[in-house]
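# Results of the structural survey
Here's the letter readout for the chains.
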Amino acid sequence: MTPLILITALAAGALLWLPGLRRHDSWRAMITPLASIIGSGFLVLGPILAHGYGTWAPLAMALLCLAAWGFGAAIRANIARIGDAPARASLPEQIASGLLAFAYVISVSYYLNLFGAFAVELSPWQGHTPARLVTTAVFAVILGLGYTRGFKMLERAEYITVTLKLAIIAGLLAGLALFFTGAARQDALILPDPAQQGLGALTLGFGLLVTVQGFETARYLGQSYNARTRIASMRQAQLLSAAIYMVYVALLVYALPVPDGDLSETAVIAMMQQVSPLLPLMLIAAALAAQFSAAVADTGGAGGLVAELSHHRITPRQGYLVLCLAGIALTWTADVFQIISLASRAFALYYAAQCAIAARHGQGPRRLLWGALMLLALAIAITGQPVEG
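Here goes a summary of the coordinates provided.

### Concerning the overall build of the chain
- For the chain, the helix and strand inventory stands at 14 helices and zero strands.
- Of the regular secondary structure in the chain, the N- to C-terminal order runs α-α-α-α-α-α-α-α-α-α-α-α-α-α.
- In the chain, once contacts between residues fewer than 6 apart in sequence are set aside, the share between residues at least 24 apart is 85%.
- Working note: accessible area of the chain is about 15900 Å², and carbon and sulfur atoms make up 66% of it.

Here it is, written out as structure tokens:
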């Protein structure tokens, strides 16, 4: 088991580090939305879905991905309409961008609070305070990179961590697939009962929207990539991340029981110890890489967003400063599961605004689709519930 996991991870890392791939514009553009989407999902989503939905967890994952694809389609329609030389933003677009700026503050806090939680998991310094200190320090590192060197430096740091993260995920999936196959041969697969049903299951799913969020970062990279490249990168990032999520959740739910007791943000570590003693260490590394790359992706998107909102009176670097200071404040006033729910609500409002804009300019069936998605996003913002830790 362990050799397979290690060989798969090394092979995937070597493939992703090939110069031809690293220099390809489409792949580099895809890295930012991909980093943000996967940064949160694979760490906490598996145990949460397994606990909340039991046997139905893969269906819940598929519906989350489907909703995200619909919201992404609305944003892609808006990117195509605006093009590469946008005129002065309309009032609805300014409102949408303002909502996203607020959402970015929360999402970066979410990513880096998970970073802190995983960073202290195997250390002698346990508890919320050490984790928050680590989170604050990483905020300072990202601010230093972004403020002194700008988006290109953030993008380079992001590529390194995304490569590490995807390589470890490849090893994780290989190990889970082998473990799943062994359990199936021994007739030891499990069919867990859901902890949530009815309205509770629905609102829990609404509260998990943030775990498939991140594709919208492509919307605000216009200074680096043209509209066609940004649309393609968002679509490809969503397809790849959805495939990873679906395989991961299906293998996890039916092969591994969720630990008893309160669900924590690091529950996946205990679950993976049953697969291989190497996986917990690899997942710690993946967790740190995932949260750092996702935070960098949203920080980069936020800088471009603030510059666009202010008509470039505020620079992206100044936007990084505002986001990091606000994120540090949130770190010390809320826990991770509260931040997950709050971030889901904030992004849902942003998606509602984007769907409203798409519906306003759309025609025929698409206009009806954008309108329905707007109502769904508003329902998520109003009723989404946090996970109980």
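### A short note on helix H9 (residues 227-255)
- With 29 residues, H9 extends 42 Å from end C-alpha to end C-alpha; this agrees with the ideal 42 Å at 1.5 Å per step.
- Looking at where H9 begins, the residue whose side-chain oxygen comes 3.3 Å from the main-chain nitrogen of Arg228 is Asn226.

### So, the packing of aromatic side chains
- Under the counting rule described, the total for this entry stands at four aromatic pairs.
- Measuring from centroid to centroid gives 5.7 Å for Tyr350 and Tyr351, while their planes differ by 55°, and the two rings are tilted. In this pair, the class of Tyr350 matches that of Tyr351, namely buried.

### As for unusual backbone geometry
- Despite not being glycine, Asp187 shows a phi value in the positive range, around 55°.
- Structurally, Asp187 is set in the loop between helix H7 (151-185) and helix H8 (198-207).
- Judged by its relative accessible area of 72%, Asp187 falls in the exposed class.

### Digging into the packing of helix H5 (residues 91-119) against helix H12 (residues 316-331)
- Contact geometry for H5 and H12: axes closest at 9 Å, N-to-C directions at 60°. The angle between H5 and H12 places the two elements in the oblique class. Seen from above, H5 lies across H12 with right-handed handedness. For the pair H5 and H12, the contacting residues are Tyr104, Val105, Ile106, Val108, Ser109 and Asn113 in the first and Leu323, Ala326, Gly327, Leu330 and Thr331 in the second.
- Of the residues that constitute the contact of H5 with H12, the class distribution is seven nonpolar, four polar and no charged.

### Structural notes on the environment of Ala302
- The topology assignment puts Ala302 in helix H11 (residues 278-309).
- Note on Ala302: relative accessible area 5%, which makes it buried.
- Contact partners of Ala302, with chain neighbours within four places excluded, come to Tyr104 and Leu323.

### A short note on the side chain of Arg76
- Residue placement: Arg76 occurs in helix H4 (residues 57-82).
- An unpaired buried charge is present at Arg76: no salt bridge exists, and Glu216, the closest side chain of opposite charge, is 9.9 Å distant.
- Residue contacts for Arg76: discarding those within four places in its chain leaves Trp69, Ile231, Met234, Arg235 and Gln238.

### Concerning the packing of H4 against H9
- Two numbers describe how H4 lies on H9: the axes approach to 10 Å, and their chain directions differ by 175°. Relative to H9, the element H4 lies roughly antiparallel.
- Here the residues of the contact of H4 with H9 sort into 21 nonpolar, two polar and three charged.

### Structural notes on the nonpolar core
- Counting residues in each nonpolar core, the largest one holds 116 residues, and the members touching the most others are Leu49, Met61, Phe71, Leu166, Tyr248, Met272 and Tyr351.
- Not counting residues within four places of it along the chain, the set of residues in contact with Leu166 comprises Leu16, Trp27, Leu34, Ile38 and Ile244.

### Remarks on the side chain of Thr135
- Here Thr135 is to be found in helix H6 (residues 128-149).
- A distance of 2.8 Å separates the side chain of Thr135 from the backbone oxygen of Leu112, its partner in a polar contact.
- Those residues in contact with Thr135 that sit more than four places away from it in its chain are Leu112, Asn113, Gly116 and Thr331.

Criteria and thresholds
Residues numbered from 1 in each chain as written. Predicted model: local features only at pLDDT ≥ 70, side-chain atom pairs only at ≥ 80, totals over all residues. Heavy atoms only, no water. Helix = DSSP H or I, 4+ residues; strand = E, 2+ residues; numbered from the N terminus. Contact = heavy atoms within 4.5 Å. Areas by Shrake-Rupley, 256 points an atom, 1.4 Å probe, with all protein chains shown as cover. Expected span 1.5 Å × (residues − 1). Polar contact = N/O pair within 3.5 Å; in protein donor to acceptor, adjacent residues only side chain to side chain. Phe/Tyr/Trp six-rings, centres within 6.5 Å; stacked < 30°, edge-to-face > 60°. Buried < 20%, exposed > 50% of the residue type's maximum accessible area, 1.4 Å probe, protein only. Axes fitted to C-alpha atoms, helices over the stretch in contact; angles between N-to-C directions. Parallel < 35°, antiparallel > 145°, perpendicular 65-115°, else oblique. Left-handed = near helix turned anticlockwise from the far one by under 90°. Nonpolar A, V, L, I, M, F, W, Y, C, P; charged D, E, K, R; others polar. Lys, Arg positive; Asp, Glu negative; His and termini not counted. Salt bridge = Lys/Arg side-chain N within 4 Å of Asp/Glu carboxyl O. Core = buried A, V, L, I, M, F, W, Y, C linked by side-chain atoms within 4.5 Å.

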